[in-house]
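As a plain string of letters, each chain reads:
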Protein chains: 2
Amino acid sequence: GTGADNDLYINQAVVFIEDAIQYRSINHRVDFNSLWLYRWYYSRIWQWILSLTITIILALAFIEKPSSLTVTSDVRYRHPAWNPPCGLTESIELLCFLVFVVDVSVKSYLIGWEEFWKNKWLMAYILTLIVSLTDWIVSLSFFCAEDVRIRRILRPFFLLQNSSMMKKTLKSINSTLPEMASVVLLLAVHLSLFTMFAMLLFARTKDGQQDKEWLSYFRNLPDSLTTLLVLLTTANNPDVMIPAYSKNRAYSIFFILFTVLGNLFLMNLLTAIIYNQFRGYLLKSVQSSLFRRRLGIRAAFEVLSSLKEAPGNAQQSYVSTGALLQVLQKVEMDSRCKQAIMRSLKTYSCDQLSAAQFQKLFEELDKDAIKQHPPSPEYQSHFMQKMQFAFGHPYFGYLGNVVALANIISICVVLVMDADKQPSERDDFFLGAINCFFILYYLLEMLLKILALGLKRYLSYPSNRFDGLLTVILLALEIATFAVYGFPHPGWRPEFMGLLSLWDMVRLVNMLIVFRFLRIIPNMKFMSLVVTTLLDLVKNLRAFAGILVVVFYAFAITGIMLFKGAVLEFLGGVFILFPTSFYIKKVTVVLYFQKKYDFMALFGHFQAEVSCCLFYLLSVNLICRWAKIYFVAWWLISSVIWVNLFVALLLENFIHKWDRRCHREPVSDIEYQRTVELMFRDVLEEPTEEELMEKLHQHPHLQLCR
Amino acid sequence: GTGADNDLYINQAVVFIEDAIQYRSINHRVDFNSLWLYRWYYSRIWQWILSLTITIILALAFIEKPSSLTVTSDVRYRHPAWNPPCGLTESIELLCFLVFVVDVSVKSYLIGWEEFWKNKWLMAYILTLIVSLTDWIVSLSFFCAEDVRIRRILRPFFLLQNSSMMKKTLKSINSTLPEMASVVLLLAVHLSLFTMFAMLLFARTKDGQQDKEWLSYFRNLPDSLTTLLVLLTTANNPDVMIPAYSKNRAYSIFFILFTVLGNLFLMNLLTAIIYNQFRGYLLKSVQSSLFRRRLGIRAAFEVLSSLKEAPGNAQQSYVSTGALLQVLQKVEMDSRCKQAIMRSLKTYSCDQLSAAQFQKLFEELDKDAIKQHPPSPEYQSHFMQKMQFAFGHPYFGYLGNVVALANIISICVVLVMDADKQPSERDDFFLGAINCFFILYYLLEMLLKILALGLKRYLSYPSNRFDGLLTVILLALEIATFAVYGFPHPGWRPEFMGLLSLWDMVRLVNMLIVFRFLRIIPNMKFMSLVVTTLLDLVKNLRAFAGILVVVFYAFAITGIMLFKGAVLEFLGGVFILFPTSFYIKKVTVVLYFQKKYDFMALFGHFQAEVSCCLFYLLSVNLICRWAKIYFVAWWLISSVIWVNLFVALLLENFIHKWDRRCHREPVSDIEYQRTVELMFRDVLEEPTEEELMEKLHQHPHLQLCR
């Protein structure tokens, strides 16, 4: 019936507008039940369940065998970690898999059968689930005794496929790969030619005294390659030259040439190439988001215009304001935006909206969210007004910064003076007394500011919130300290013990004071620019960071599987991979061996190295060759590729921000909440009517009347 | 008289055109004698003398006491270096100073008294000379026994002031300093806050076993600062974490946070800021060069138009072609350009040239130098034509590449097989025989190519010149080897000794073969793009490299003066500074101590470290604090600032090149000799008539009639 049709159209419009708000694709089923399912799928609760599931399945690595749940990482001191009984983590896993199965089925159903076959991500999702479930069954049938668990490496895929940003970023990275591969090839040629040179230059001589260089670094082809690869990361930079340089100064030319060519030219060339490829990346991604938004709005317009109640006009289609109001009631969106749209809808004199007017209404979505701070209270008393002027003035804030700086300096002085004292000789009286004084000042500052600005206005500034929170925590800590240990007096010994020792309490207070000092950031112009750039960057970087997490996770799990002999738990793997992303070096390869324990005892007198044993000492094993490939691969991915991607993104962000800063005057009371979309607003191209309509007609499930 | 006036005008025009060609400023005296002096000053011979003088005075550091003229750097083995007698280097220095005095007087005279006072570089030049000469007199009066020689540190200034490019670059760097300083300040805040955190976190505890971290890295404020500064360069990256991580895994969060914030964000932010500042640098510099060129041409036009013989025209000034021809005869310029200008001059029907026509004539200077390869010889015989086709074909070149690759692989195989053999067990027969075969092939390839292309055309390709030269050298070496040691036969022992041992000969041949393999570069498209970018970069980078040399030199000399106790000669200083520019680390600070010799003997059993002693072991001395500041300053300048400048320049160059590559089709036979000026041709703005005339009227010595 017409009523049911109208309901369907209204529902479609609601979903399309929600798609537009969230920059989602509109290519999904649009019948009544599917729409209900679709809204349920993208409802906060289901998305939250999905995120939680992904978090849980990723977090399983911490408690699975070999478990990372120990405080110390030292195999000699640590208690045997709690290993969950067979079946515990497995049942959690099964629950997660079930959620994923539901997820993939709903997703596949919603986009429809034809689209499904074109969507490689969904196919990969299903494949991953099948492999994981098979592996899970195998695992249980071995009573968890098997070593190779493929499903663990596959886990980060669930994170990847759930984020459209990450998928988009991965696509961009993929298109940069050919150029990157060329430079990596160039690096490989550079490396291999220099390796041959080095082997000819530092060959074994008859005089055994003279070939120290050969002995230590260029003994054979793999050694020479490793040496020069490590030199490319500059990790063994002076050491590798020294024997040759001692013999003949001219040998250093070889190393300097290699480093300058490889490290300065080729490595930075990689940055240049990646930056060049990524220059338009942000813009392109924002442009395609804009297109999705306009498309969603346009689709809503089209379905609303086919409502039966609207007067049929052959030439142009219209939407009645009543229908739009009805839709708006049902749409889930930011209430500020909704009200703004409603308000401007009421100003229209005409009852009907054309497509352009319809689009214009929803431009409110693209606008800056202007945040107005609440007004200060208005005091009647003359004295209070003066107080308000004095303590609301920026100079009062500056005074607070100066006091915070004085506090930092006093802590620093005490630290320097106490540096060489035995713990038993220390006296916390001085520091306790001044900290007490400073914290009282902070409290006073906070109260006076609240008085001047009013509580609401005070809390509307993030810097005040930061300040106030830390002041309250400091006060609580201080009161707790005094309650347990009494007021500071000479001979206030740090070894007094309560829940926390006095010493720990004072340290904690000091750390918080140091942390509180960060409040100066907004007062320094350049610093605040840098910090806002970095915060923006963090927003744009989420996709990149996600991909890094995916690769990190996969590598750490692969590490556990590769180095079975060594007890390398998940956190240990992460700990090893972190430095390796800066350079490959013998010392970075720190593995925690259980089987080689007697070997470690031998080296026990080297205090620092007792808990870690150089991986290279195992170089006779097969593991070592695998380890080399593993670490070089990780270094290439994390340091060479990812860091350069990061630099490219930073350059892109910063240059846009910097350009913008020059032609925008600072506004004092109004804070713009800038998003990436807004940063590019003046360079974005609006999609044309034809493009939108063409795309709409390609919609697999929506049959438009015209 | 009029004739003398005319002569003067002609001479002025000649000098202005030469200024335009060399992109020089035209603000110099223009009377008859000054013009003669000016042309003499910029003549090839005087500029050559000046460069030679600068080279000599800089090179003095190698032979001055403490002299670097030893093969080995090992204080135990090296013969006492030849120390020049007092007065020898000093008299060379005096000669150089005299040249500089002449230089500065001529320069000051030529720009005139008024301009002189505005020119800070000239004043600094004179000041440097005065200080140097005073120091020289002091030095001689002490019979060269004094230690502090300020004039040595001042030497690189002579290099700096002689290059206008370097001065311009320095000005650009200077304008970037405020932004750089902000980021460095941010880094300092980051470092100091984290240092305080670290000192509070890793404080000394009562339990002596637990504070390994405190003991090794955070004992007091300077230690903590150093530790974190080194961590910022990632040099002590895993080591510094290990004791804390062993105690409690959570401690690693501190280090990871510090590294990510400092190394990933702040350091790369510096790159972004410097790149942002330098984005327009190349363009601006090319634009100002263009202005100088147009100005010089215009000035020549103006003086020529005031020639008495020219018919006075109140409205517009003209230049007769005769006068221009007369000027062109006298101008020193590229003969190709001169001929082209003459040729187009003859095509003008009118006898008089307007300003626009005059400028247009000289646009020849801006054009690409098109290099046409000479034609191949034309053979009569059918057989020869077929030969020519076969061996002139690119496939023949590819075959040569394949053969070169095969040669490389064979050498590689022999190297791998011989890696573990004792030198006495080695047999060079196999390698000798195959190398002999390959070199014969190379000879044949060269001859056939010459046959096909003709000698002239063969030599006109740089790749062929490279190829041919190496082939000839290889052949000569091979013939010499056979002459001395006979043809390869089984048991061709490498220890045969002649002028060079057979072993050395074979190694040399192999190295040359590896080097010859670089001929593949032009055949790989991406590689050749990268290599040409790098070569372009090297051209644009000369100014940067010069500044680096200046700073390097000054630092190395300061090092010699600071570490008087240690015998640190010039090359030793350079050798230490090189790795420090990548990171600051204990091990990098390798000093060669003579006074501490017994100390070194103690450590004699560490083979690799015997010749170098860790500088930190002297940390009780005052020197150490100075050394720390010295090395940190060097690291900041070289690694943080210079490397980032380099990256910025590379990005700028590469992105321009890459953009251009896309819309330019490859031309096979015509090679453009691209200069920076040409790269930007389509974005450059031509200066307007008004700008030029205004600048001309500001000329301090030239009075224009109108």
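Residues numbered from 1 in each chain as written. Chains lettered and ligands numbered in written order. Predicted model: local features only at pLDDT ≥ 70, side-chain atom pairs only at ≥ 80, totals over all residues. Heavy atoms only, no water.

Student: Quick one: what's the story with the overall build of chain A, residue by residue and with numbers?
Tutor: Check the secondary structure of chain A and you find 29 helices and six strands. The buried share of chain A, taken over its 706 residues, is 52%. Considering only residue pairs separated by 6 or more positions, chain A has 74% of its internal contacts joining residues 24 or more positions apart. Taken as a whole, chain A presents about 33,600 Å² of accessible surface, with 65% of it coming from carbon and sulfur. (Helix = DSSP H or I, 4+ residues; strand = E, 2+ residues; numbered from the N terminus. Buried < 20%, exposed > 50% of the residue type's maximum accessible area, 1.4 Å probe, protein only. Contact = heavy atoms within 4.5 Å. Areas by Shrake-Rupley, 256 points an atom, 1.4 Å probe, with all protein chains shown as cover.)

Student: How would you sum up the confidence of the model for chain A? Please name residues and give values.
Tutor: Parts of the model with low pLDDT should not have their predicted coordinates read in detail. Residues and elements named next belong to chain A. Mean pLDDT over chain A works out to 79, with 84% of the residues at or above the 70 mark. When the criterion is pLDDT under 50, residues 587-623 qualifies, and its contacts beyond four places in sequence or with other chains add up to 63 contacts. Overall fold confidence (pTM) sits at 0.83, and the ipTM for the predicted complex is 0.85. (pLDDT = per-residue confidence, 0-100.)

Student: Requested: an account of the nonpolar core, with residues and values cited.
Tutor: Note on soluble globular proteins: their nonpolar side chains tend to be buried together. Counting residues in each nonpolar core, the largest one holds 168 residues, and the members touching the most others are L228 and F255 of chain A together with L228 and F255 of chain B. Ignoring sequence-local partners within four residues, the contact set of L228 of chain B consists of L191, F194, T195, A198, F218, F254 and F258 of chain B. (Core = buried A, V, L, I, M, F, W, Y, C linked by side-chain atoms within 4.5 Å.)

Student: Describe in detail the side chain of T227 of chain A, supporting the description with residues and values.
Tutor: Residue and element names in this part refer to chain A. With respect to the secondary-structure elements, T227 resides in helix α11 (residues 221-232). In this structure T227 comes out as buried when scored by relative accessible area, which is 7%. Among the polar contacts made by the side chain of T227, one reaches the main-chain carbonyl oxygen of D223 at a distance of 2.8 Å. Look past the residues within four positions of T227 in its chain and what remains in contact with it is Y217, F218, N236 and V240. (Polar contact = N/O pair within 3.5 Å; in protein donor to acceptor, adjacent residues only side chain to side chain.)

Student: If you had to explain a negative patch on the surface to someone new, which residues and values would you point to?
Tutor: Residues and elements named next belong to chain A. Together, E685, E690, E691 and E694 give the surface a local cluster of negative charge. Note that E694 resides in helix α29 (residues 689-697). Overall, E694 belongs to the partly exposed group, its relative accessible area being 49%. (Patch = residues over 30% accessible without salt bridge, like charges linked within 9 Å, V, L, I, M, F, W, Y side chains within 5 Å. Salt bridge = Lys/Arg side-chain N within 4 Å of Asp/Glu carboxyl O. Lys, Arg positive; Asp, Glu negative; His and termini not counted. Charge placed at Lys NZ, Arg CZ, Asp CG, Glu CD.)

Student: So what's going on with the relation of the copies chain A and chain B? Residues and values would help.
Tutor: Of the two same-sequence chains, chain A is brought onto chain B (RMSD 0.1 Å, axial shift 0.0 Å) by a rotation of 180°. Classification of the inter-copy transformation places it as that of a two-fold axis. Residue A235 of chain A of chain A places its C-alpha closer to the rotation axis than any other residue of that unit, at 3.5 Å. A high fraction, 100%, of the interface residues of chain A reappear at the interface in chain B, so the copies pair face to face through one surface. (Least-squares fit on C-alpha atoms with pLDDT ≥ 70 in both.)

Student: Give a description of helix α15 (residues 321-330) of chain B that names residues and reports values.
Tutor: T321, A323, L324, V327 and L328 of chain B are the residues of α15 of chain B that are buried. Summarising the axial view, the buried residues of α15 of chain B lie within an arc of 155°, below the 170-degree limit, and thus occupy one face. (Arc of directions from axis to C-beta.)

Student: Give a detailed account of the domain arrangement of chain A, specifying residues and quantitative values.
Tutor: Assigned domains of chain A: these are domain 1 (179-285) and domain 2 (382-523). Once you take the C-alpha centre of each, domain 1 of chain A and domain 2 of chain A turn out to be 52 Å apart. (Domains from an automatic or database assignment.)

Student: Report on the state of the cysteines, specifying residues and quantitative values.
Tutor: Residues and elements named next belong to chain A. In this structure the tally under the stated criterion is one disulfide over all chains. The side chain of C86 participates in a disulfide bridge whose partner is C144; the two sulfur atoms lie 1.8 Å from each other. Of note, the bridge from C86 to C144 carries an S-S torsion of about 65° and is right-handed in sense. Here C144 lies in the loop between α6 (120-141) and α7 (150-154) and C86 lies in the loop between α3 (44-63) and α4 (88-111), a separation of 58 residues in the sequence. (Disulfide = S-S within 2.5 Å.)

Student: If you had to explain the packing of helix α3 (residues 44-63) of chain B against helix α4 (residues 88-111) of chain B to someone new, which residues and values would you point to?
Tutor: Residue and element names in this part refer to chain B. Viewed as axis vectors pointing N to C, α3 and α4 meet at an angle of 150°, and their least axial separation amounts to 10 Å. Judged by the sense of rotation from one axis to the other, the crossing of α3 with α4 is left-handed. From α3, W46, I49, L50, T53, I54, I56, I57, L60 and I63 reach across to α4, where they touch T89, I92, E93, C96, F97, V99, F100, V102 and D103. (Axes fitted to C-alpha atoms, helices over the stretch in contact; angles between N-to-C directions. Left-handed = near helix turned anticlockwise from the far one by under 90°.)

Student: Requested: an account of the interface of chain A and chain B, with residues and values cited.
Tutor: In this complex, chain A contributes 112 residues to the contact, which on the side of chain B involves 112 residues. For the chain A and chain B pair, buried surface summed over both sides reaches about 9,900 Å², with 73% attributable to carbon and sulfur atoms. Considering only the side of chain A, the residues that lose the most area to chain B are L200, R204 and R249 of chain A, jointly responsible for 8% of the buried surface there. There are zero salt bridges connecting chain A and chain B. Applying the counting rule to chain A against chain B returns four residue pairs in polar contact (both at pLDDT 80 or more). For the side of chain A that touches chain B, the element with the most residues is helix α13 (residues 251-278) of chain A, which contributes 15 residues. (Buried area = accessible area lost by both parts, 1.4 Å probe.)

Student: Can you tell me about a nonpolar patch on the surface, naming the residues and giving the values?
Tutor: Residues and elements named next belong to chain A. Side chains of L127, V131, V148 and I150 sit close together on the surface and give an oily, nonpolar patch of about 330 Å² of accessible area. Examined against the element boundaries, V131 turns out to sit in helix α6. Overall, V131 belongs to the partly exposed group, its relative accessible area being 32%.

Student: Go over the pattern of salt bridges with me, naming the residues and quoting the values.
Tutor: If you walk through the whole model with that rule in mind, you get 37 salt bridges over all chains. Where R149 of chain A meets E90 of chain A, a salt bridge forms, and the shortest distance between an N and an O atom there is 3.8 Å. Residue R149 of chain A is found in the loop between α6 and α7, and its partner E90 of chain A is found in helix α4; the two are separated by 59 residues along the sequence. In this structure, the salt-bridge partner of E445 of chain B is R516 of chain B, at a minimum N-O distance of 3.4 Å. Residue E445 of chain B is found in helix α20 (residues 429-453), and its partner R516 of chain B is found in helix α23 (residues 502-516); the two are separated by 71 residues along the sequence. Overlapping salt bridges bring together E64, E90, E93, D135, R149, R151, R152 and R155 of chain A as one network.

Student: So what about unusual backbone geometry? Which residues, and what values?
Tutor: Positive phi values are uncommon outside glycine, yet Y23 of chain A reaches one of about 55°. Looking at where Y23 of chain A falls in the secondary structure, it is placed in the loop between α1 (2-21) and α2 (32-41).

Student: Tell me about the packing of helix α12 (residues 237-247) of chain A against α13 of chain A, and name the residues and values.
Tutor: Residue and element names in this part refer to chain A. At a minimum axis distance of 7 Å, the contact between α12 and α13 shows a crossing angle of 155°. When the interaxial angle is binned, α12 and α13 end up roughly antiparallel. Of the residues in α13, those touching α12 at N237, V240, M241, A244, Y245 and K247 are Y251, S252, F255 and T259. For the contact of α12 with α13, the per-class residue count stands at six nonpolar, three polar and one charged. (Parallel < 35°, antiparallel > 145°, perpendicular 65-115°, else oblique. Nonpolar A, V, L, I, M, F, W, Y, C, P; charged D, E, K, R; others polar.)

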